[in-house]
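Descriptive analysis of the structure
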Amino acid sequence: MMRQFKKVFLGMCLVLILAGCGAKQSPETSAAEENTQNSVEVETASVPVEEEETQEQAEGDMSTADTQEETAEEESAEGQSEELSDHEGYTEEDPDILMELLDECADVAPGTAGSSLRGAKAAGQLLDWGEEVFDMVTEDSLAVLVQSWVDESSENEVSNFREAWQSVYTMMQDIADDPEGSADLLEGAGYQLSYDKYHQDFPEMMNSAVEKTLK
């Protein structure tokens, strides 16, 4: 009887011990599962962050590229200005004179009364200026000066210049080809040429500089 009681008692103790072990393992298992879930959430959250960083880096690279391009253009413009100013005979008034002449080109207003006379005067003045600085300028340096005028002018002035330029350019070619034959037209415009002969290349150089700037 005593032996049977001991066996029952031992069996109950064993059941209680096993039940206790199972209860202890449950929190650990739950903690492990929670840690795994948190890890997955962290990894998932990191994906948008990485994508955002990649996008920011790409935008930064584009901004850097734009800045470098602007810097290169500015350095090129400065180089062209220095190239012009380094020539013997160059004066600080030379660029200012061209700015005023481009203003006159913008005032030609083709198709209105007196436009041919205004165009002839503007063309003659440009040719005289070009003859004075011909050995100092290039197509690129002229383009820099034209761009300076565009930057300082209103949209309306630039638009008027666009409309007038072709007629002024054509007159420049005609006058350069035959200064003597253009004397009467220029006299009617109230202008007298300073030279008897002109470099035939200057009108084309000036036109190329304008087209490069206003393309």
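Residues numbered from 1 in each chain as written. Predicted model: local features only at pLDDT ≥ 70, side-chain atom pairs only at ≥ 80, totals over all residues. Heavy atoms only, no water.

What follows deals with the nonpolar core. One finds Phe 161, Trp 165, Val 168, Met 172 and Met 206 to be the most contacted residues of the largest nonpolar core, which totals 42 residues. When contributions to this core are tallied by element, the ones reaching two or more residues are helix H2 (93-106), helix H3 (115-133), helix H4 (139-152), helix H5 (155-177) and helix H7 (201-213). The element best represented in this core is H5, accounting for ten residues. (Core = buried A, V, L, I, M, F, W, Y, C linked by side-chain atoms within 4.5 Å. Buried < 20%, exposed > 50% of the residue type's maximum accessible area, 1.4 Å probe, protein only. Helix = DSSP H or I, 4+ residues; strand = E, 2+ residues; numbered from the N terminus.)

Below, the discussion takes up H4. When the terminal C-alpha atoms of H4 are compared, their 20 Å separation across 14 residues agrees well with the 20 Å that a helix rising 1.5 Å per residue should span. Of all the residues in H4, the buried ones are Ser 141, Leu 142, Ala 143, Val 144, Leu 145, Val 146, Trp 149 and Val 150. (Expected span 1.5 Å × (residues − 1).)

Turning next to unusual backbone geometry. Located in the positive-phi region is Ala 109, a residue other than glycine, with phi close to 55 degrees. Summarising the element assignment, Ala 109 is placed in the loop between H2 and H3.

So, on to a negative patch on the surface. A grouping of Asp 96, Glu 100, Asp 103, Asp 107, Asp 151, Glu 152 and Glu 157 is seen on the molecular surface, where their side chains present a negatively charged patch. Elements represented by at least two residues in the negative patch include exactly H2 and H4. At three residues, H2 tops the list of elements feeding residues into the negative patch. Inspection of the secondary structure assignment puts Glu 152 in helix H4. The class for Glu 152 is exposed, based on a relative accessible area of 66%. (Patch = residues over 30% accessible without salt bridge, like charges linked within 9 Å, V, L, I, M, F, W, Y side chains within 5 Å. Areas by Shrake-Rupley, 256 points an atom, 1.4 Å probe, with all protein chains shown as cover. Salt bridge = Lys/Arg side-chain N within 4 Å of Asp/Glu carboxyl O. Lys, Arg positive; Asp, Glu negative; His and termini not counted. Charge placed at Lys NZ, Arg CZ, Asp CG, Glu CD.)

Once that is clear, we can look at the side chain of Asp 128. Mapped onto the elements, Asp 128 comes out in helix H3. As a buried residue without a salt bridge, Asp 128 has its nearest oppositely charged side chain in Lys 121, at a separation of 11 Å.

Here the focus is the packing of H5 against H7. The geometry of H5 relative to H7 is characterised by a closest axis approach of 9 Å and an angle of 165 degrees between their N-to-C directions. On the basis of the axis angle, H5 is roughly antiparallel to H7. Handedness of the crossing formed by H5 with H7: left-handed. Residues Phe 161, Trp 165, Tyr 169, Met 172, Gln 173 and Ala 176 of H5 lie in contact with H7, whose contacting residues are Phe 202, Pro 203, Glu 204, Met 206, Asn 207 and Val 210. In terms of residue class, the contact of H5 with H7 is built from nine nonpolar, two polar and one charged. (Axes fitted to C-alpha atoms, helices over the stretch in contact; angles between N-to-C directions. Parallel < 35°, antiparallel > 145°, perpendicular 65-115°, else oblique. Left-handed = near helix turned anticlockwise from the far one by under 90°. Contact = heavy atoms within 4.5 Å. Nonpolar A, V, L, I, M, F, W, Y, C, P; charged D, E, K, R; others polar.)

The next subject is the packing of H4 against H7. The geometry of H4 relative to H7 is characterised by a closest axis approach of 8 Å and an angle of 50 degrees between their N-to-C directions. By the angle between their directions, the pair H4 and H7 is classed as oblique. As H4 runs across H7, the sense of the crossing is right-handed. Between H4 and H7, the residues in contact are Glu 139, Asp 140, Leu 142, Ala 143, Val 146, Gln 147 and Val 150 and Phe 202, Met 205, Met 206, Ser 208, Ala 209, Val 210, Lys 212 and Thr 213, respectively. Here the residues of the contact of H4 with H7 sort into nine nonpolar, three polar and three charged.

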